[in-house]
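Structure assessment
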Amino acid sequence: MSAGEPTSLPPLASGPTGPDALRPLLDTVLDALAAGRDERGGPLPAGGPDAVATRVADALGDVLPDTGDPDALRTLVHALAAGSADPADPLCAAHLHCPPLAVATAADLAASALNPSLDSWDQAPAASALEAAVTRALARTAGLADALVTTGGTESNQLALLLAREAHAGVRLAGGANAHHSLPRAAWLLGLPDPVVIPAPGGTLDPAALHAALTDLPGPLLVTATAGTTDAGLIDPLPEIARLCTAHGARLHIDAAYAGGLLFSDRHRDQLAGLETAHTVTLDLHKLGWQPVAAGLLAVARPHELTALHQRADYLNADDDTEAGLPDLLGRSPRTSRRPDILKIAVTLKTLGRSGVGALVDQVCARAREFAAQIREHPGFELYDRPVISTVLFRPAEADDDAVATVRRRLLHEGRAVLGRARLDGRLWLKATVLNPHTRPDDLTHLLKLVELAERSLPG
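Residues numbered from 1 in each chain as written. Predicted model: local features only at pLDDT ≥ 70, side-chain atom pairs only at ≥ 80, totals over all residues. Heavy atoms only, no water.

**Quick notes on the packing of helix H13 (residues 401–414) against helix H14 (residues 441–456)**
Selection criterion: Inter-axis angles, ranging from 0 to 180 degrees, are taken between N-to-C directions of lines fitted to C-alpha atoms, where helices are fitted over the stretch in contact. A run of DSSP states H or I qualifies as a helix once it reaches four residues; a run of E qualifies as a strand once it reaches two. Both are numbered from the N-terminal end. The cut-offs work like this: below 35 degrees is roughly parallel, past 145 is roughly antiparallel, 65 to 115 is roughly perpendicular, and the gaps in between are oblique. Two helices that cross are described as forming a left-handed crossing if the nearer one is turned anticlockwise from the farther one by less than a right angle, and a right-handed crossing if clockwise. By the convention used here, residues are in contact when the closest approach between their heavy atoms is within 4.5 Å.
Close contact between H13 and H14 brings their axes to 9 Å; oriented N to C, the two are set at 110°. Of the possible angle classes, the one that applies to H13 and H14 is roughly perpendicular. In this structure, H13 meets H14 at a crossing whose hand is right-handed. Where H13 abuts H14, its residues Val407, Arg410 and Leu411 lie against Leu450, Val451, Ala454 and Glu455.

**Regarding a negative patch on the surface**
Applied cut-off: Distance thresholds for patches are 9 Å for like charges and 5 Å for nonpolar side chains (Val, Leu, Ile, Met, Phe, Trp, Tyr), applied to residues having over 30% relative accessible area and no salt bridge. Here the Shrake-Rupley method, with its probe set to 1.4 Å, supplies the accessible areas, and only the displayed protein chains count as covering residues. Throughout this description, the term salt bridge denotes a Lys or Arg side-chain nitrogen within 4 Å of a carboxyl oxygen of Asp or Glu. Asp and Glu are treated as the negative residues and Lys and Arg as the positive ones, with His and the ends of the chain left uncounted. By convention, the point assigned to a charge is CZ for Arg, NZ for Lys, CD for Glu and CG for Asp.
A surface patch of like charges, here negative, comprises Asp122, Asp314, Asp320, Asp321 and Glu323. The leading source of residues in the negative patch is helix H11 (residues 319–323), at three residues. Tracing the chain through its elements places Asp314 in helix H10 (residues 314–317).

**A word on the packing of aromatic side chains**
Here is the rule we go by: Any two of the Phe, Tyr and Trp rings considered here, Trp counted by its six-membered ring, make a pair once their centres fall within 6.5 Å; the pair's planes then place it as stacked at under 30 degrees, edge-to-face at over 60, or tilted in between. Each residue is assigned to one of three classes by its accessible area relative to the maximum for its type, calculated with a 1.4 Å probe on protein chains only: buried under 20%, partly exposed between the two thresholds, exposed over 50%.
One pass over the structure, following the stated rule, counts three aromatic pairs. Where Phe371 meets Phe394, the ring centres are 5.6 Å apart and the plane angle is 80°; that geometry is what we call edge-to-face. With Phe371 in helix H12 (residues 342–377) and Phe394 in strand E9 (residues 391–396), this pair connects stretches of sequence that are 23 residues apart. You can call Phe394 buried: its relative accessible area is 0%. Geometrically, the ring pair formed by Tyr384 and Trp429 is edge-to-face, given 5.3 Å between the ring centres and 75° between the ring planes. Here Tyr384, found in the loop between strand E8 (381–383) and E9, pairs with Trp429, found in strand E11 (residues 427–433); they are 45 residues apart in sequence, far enough to count as distant. By relative accessible area, Tyr384 is classed as buried at 18%. Residue Trp429 is classed as buried on the basis of its relative accessible area, which comes to 3%. An aromatic cluster is built from Phe371, Phe381 and Phe394, whose rings are joined through pairwise contacts.

**Here's the deal with H14**
To keep it simple, the criterion reads: Helices are assigned an expected span. That span is 1.5 Å times one less than the residue count.
Compared with the 22 Å implied by 1.5 Å per residue over 16 residues, the 23 Å span of H14 between its first and last C-alpha is a close match. For H14, the full list of buried residues reads Asp443, Leu444, Leu447, Leu448, Leu450, Val451, Glu452 and Ala454. Residues of H14 that are buried make contact with H12, E8, E9, H13 and E11.

**Considering the pattern of salt bridges**
For the structure on display, the rule yields 27 salt bridges. A salt bridge links Arg440 to Asp442, with the nearest nitrogen and oxygen atoms 3.1 Å apart. The exposure class of Asp442 is partly exposed, given its relative accessible area of 45%. Among the salt bridges present, the one from Arg456 reaches Glu452, with a minimum N-O distance of 2.8 Å. Here the residue Arg456 and the residue Glu452 both occupy positions in helix H14, the gap between them amounting to four residues, near one helical turn. Looking at Arg456, the relative accessible area reads 55%, which means it is exposed. A network of salt bridges, in which partner residues are shared, links Asp108, Arg339, Asp341 and Lys344.

Honestly, that's just the spatial picture; any functional story needs more than this.
Right, here's the structure in full:
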């Protein structure tokens, strides 16, 4: 051993001794997760941002101490668990933030331990083959030809605009007022003209207004439709939009980050009729797919358009290596280093099958409808509308918007419930997004009671 070399080095996660090194650490992590959950005692920590920040700072102490703390793993995992909003708690129902499946999380551990990087075949031989097979299969499920793995809906939408820009010089985005905020931001980032905003009365894109815009505007145009809005889970009239795009020669992108999971369900997949007509489709399996973040995809109808992403870097995809048969991975993403997020997706699909994933989709959709029925029958609440997917909007019947906002923040501050908010028809609504298939009817009854008690406790 050379002078100055440490007498013992920390173990690695892979290699011959990796599994033996991980086993006791996993016990530490699992025990800390359980202790943190017990300390939290509910869907999120009580006390609000300042209290949580103080507790985290106390656990963290010196970020980079001169001498390491062997108990840091337990301490910080405990602090994170105690201070987390837990999507596995039925009262944590604000966002498109799913509780990940245990089997997917276990697969994610394997991906982290092996640490393949999908920027060259020699860093990820098996992962690159797995990604190619699984992405194409998922694309075919949506009626398209191929798919790229992304970090989620935002990256997928940006890639869709990039491919449209490269295929049609001067393309302009035309999307509904209900479209995800990542789309106009992507247009700005890519230097595209200011988007044309199509009215979306009632929360969905108006086909008559789209027809007028496509008639009046010069091309080329990229129309974006939404299958599962983030506020109410609404789905644009996809077949009608597709017909208009075909008639006017416009390109079509469908943001199905939320509703894409309906493809797995025989009962609900018809709501996505028209998806197969799109040039590109955003999918997001860390929503209705129960994957740990990140698990996004962009499905494409024309794989040859992916050549727009091609880059040459001699150390990663030299011409002679490619000619000798080594796969070129740089054209599969604008990112260079990429972890194998496809593994957890592949494990989930193989373990549960289409029927198993579809059953989870059916479960949360049914539970959302049951919750909506409870609200409709309760004299103290107003329901926005019957849920289209698994999002339910409601509000105390006699409350104004300020009271609705205050009720939500009070429940957050006390750590009792996590509800979202949405503004539709000029009014503020509480939003419950049912993504936990283990949620029971009495959990949602309890959630409604918490809102009722919080509203009654307001002054005045």
